[in-house]
Amino acid sequence: MKQTYTNQQSSGPATAAGRPAPPAAAPTTGPLTPEELQLGARNHSMPLEALRRDITPPGLHYVLTHFDIPDVDASSWHLRISGAVEMALELSMAALRKDPAITVPVTLECAGNGRSLLNPRPLSQPWIMEGVGTAHWTGVPLAYLLGKAGVLPHAVEVVFTGSDQGVQGGVPQRYARSLPIHEAMRPDVVLAYKMNGSELPPQHGYPLRLVVPGWYGMASVKWLESVEVVTAPFRGYQQEVAYRYQDSADDAGTPVSRIRVRSLMVPPGIPDFFTRKRLLKPGPVLLQGRAWSGKGAVTGVEVGIDGTWQPAHLEKPAGGYAWRKWTMPWVADPGVHELSCRATDETGATQPLEQNWNYQGLGNNVVQRVSVTVE
Ligand SMILES: Nc1nc2c(c(=O)[nH]1)N[C@H]1C(S)=C(S)[C@@H](COP(=O)(O)O)O[C@H]1N2
Ligand SMILES: [Mo]
């Protein structure tokens, strides 16, 4: 008998080891596929020059949507809070907007950022390195609403379900993810209805989305419809199959959660249109970029000029989970130079010089290298 899929478990096509099919076809060493181009055209990254700004305007912030962007009617929309709670709640947008609101600056990064630099290349959204952005998210703290509903003592996780649906790895599903109770109860986890002070744009989750500071983007469920407190770990596709650090399709792997330390640089000078190679005049130039980590504060950034590392100057971050600006003056002398940047966070973690490989191409944080021609 064919099993039907619910968000509670994954029961799609299985691999040899009996695991459900991975989220995409096997990695390849071949040229870019039409499917990657199709995804790349739908899901755009943040142009690196936007690293100059503390806060990323919505049109420059990266976008990642697995299925279609839903067209939600906010006037009839309701958020359900249910499951292992004393009192289930059903809230309209008008009601939510009357609750106490907070605004948090948060750097979101897609867990697949950097995937296309891997060899072999996992077949999915072909990010290079710009699947990132920082916004001010305004809305109701999740902990406030969970407090109102009254979480029962045996609860272990909270499951968030969006209104978008599709098929991935052969499994029909609504996009759904969970968080452990202790993460869900953090005071800075927000059900946001504003981005940078304006209504959420459709592609960023209108009318309501979750924002989980410090976690890779997959945790921040858009077009949020339901919040369910559960008493057993959630086993939905996006939790149990996708977003795992795996060595192979048969490896159960470990779940992806917080953002690994990373930094990026605004490529200096001007680009060549087609190759994006950088051209620069000789003389002083202020190199700049941003650094972030979901695991602790960024404590240092080093800039490499042709392989020689020097500490950059760090500015104050806008918040605990927002990127920090760094700068470093450089006098460009004629020739071809390789510039790079490498951040370290308070856990002591630093960016690798060589890209680490995993089957889904997740959590990449290799140092960026920018080649500039000074003439
Ligand atoms: N409902 C829903 N929420 C979702 C997704 C999705 O496809 N559907 N994609 C997730 C992923 S993988 C990322 S990286 C972030 C991207 O958020 P952004 O598009 O606002 O930058 O949203 C997350 N939330
Ligand atoms: Mo993502």
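Residues numbered from 1 in each chain as written. Chains lettered and ligands numbered in written order. Predicted model: local features only at pLDDT ≥ 70, side-chain atom pairs only at ≥ 80, totals over all residues. Heavy atoms only, no water.

## Description of the site of ligand 1
Let me state the cut-off plainly: Only heavy atoms are used to decide nearness, and a residue is near a molecule or strand if one of them lies within 4 Å of it. Within 3.5 Å is the distance limit for a polar contact, defined as a pair of N or O atoms, with the added protein rule that one can donate a hydrogen and the other accept it, and that residues adjacent in sequence qualify only through two side-chain atoms. Note on areas: Shrake-Rupley with a 1.4 Å probe; residue coverage comes only from the protein chains shown. Using only the protein atoms, space was sampled on a 1 Å grid; points where a 1.4 Å probe fits but cannot get out form cavities, open sets with protein on both sides within 12 Å along at least five of seven lines form pockets, and lining residues are those with an atom within 4 Å of a point. Think of it this way: if more than half of a molecule's atoms are within 2 Å of a pocket's grid points, that molecule is in the pocket or cavity. Polarity classes work like this: nonpolar for Ala, Val, Leu, Ile, Met, Phe, Trp, Tyr, Cys and Pro, charged for Asp, Glu, Lys and Arg, and polar for all others, with Gly in that last group.
In the region of ligand 1, 18 residues are neighbours, and Tyr 62, Asp 164, His 204, Arg 209 and Lys 222 sit closest. A distance of 3.4 Å separates an oxygen atom of ligand 1 from a polar side-chain atom of His 61. In this structure, an oxygen atom belonging to ligand 1 sits 2.6 Å away from a side-chain N or O atom of Lys 222. Starting from 540 Å² of accessible surface for ligand 1 in isolation, the protein chains cover 100%. Under a 2 Å grid-point criterion requiring more than half of the atoms, the pocket assigned to ligand 1 is the largest cavity. Counted by class, the shell around ligand 1 contains nine nonpolar, six polar and three charged residues.

## Considerations on empty space enclosed by the protein
The line we're drawing: Grid points are joined across faces, edges and corners, and a volume is the space filled by probe spheres set on the points.
Within the structure shown, the criterion is met by one cavity of 30 Å³ or more. Considered as a void within the structure, the largest cavity measures approximately 250 Å³ in volume. Along its surface, the largest cavity is lined by 20 residues, and Leu 64, Arg 209, Gly 217, Ser 220 and Lys 222 are the ones closest to its centre. Split by residue class, the lining of the largest cavity holds eleven nonpolar, six polar and three charged.

## Some thoughts on the sheet that holds strand E14 (residues 270-271)
The condition is simple: At least two DSSP bridges between two strands are needed for those strands to be called paired. Secondary structure elements follow DSSP: runs of H or I no shorter than four residues count as helices, runs of E no shorter than two count as strands, and numbering proceeds from the N terminus.
The strand order E14-E15-E22-E21-E17-E18 describes an open sheet built from six strands, whose pairing is mixed. What marks the edges here is a single partner per strand, and that holds for E14 and strand E18 (308-311). The pairing of strand E21 (residues 335-345) with strand E22 (residues 368-374) spans seven bridges and is antiparallel. Following the sheet pairing, Leu 339 is matched in E22 by Val 370.

## Re the layout of surface pockets
Test applied: Residue ranges for the domains originate in an automatic or database domain assignment.
In this structure, the largest pocket spans a volume of roughly 1,000 Å³. Around the largest pocket, the lining is made up of 33 residues, and of these Leu 48, Ile 128, Met 129, Glu 130 and Arg 276 lie nearest the centre. Among the elements of the structure, helix H1 (34-42), strand E13 (262-265) and E22 are those that each provide at least two residues to the lining of the largest pocket. Residue composition of the lining of the largest pocket, by class: 15 nonpolar, nine polar and nine charged. Each of domain 1 (34-255) and domain 2 (262-374) accounts for three or more of the residues forming the lining of the largest pocket. The space that makes up the second largest pocket amounts to roughly 550 Å³.

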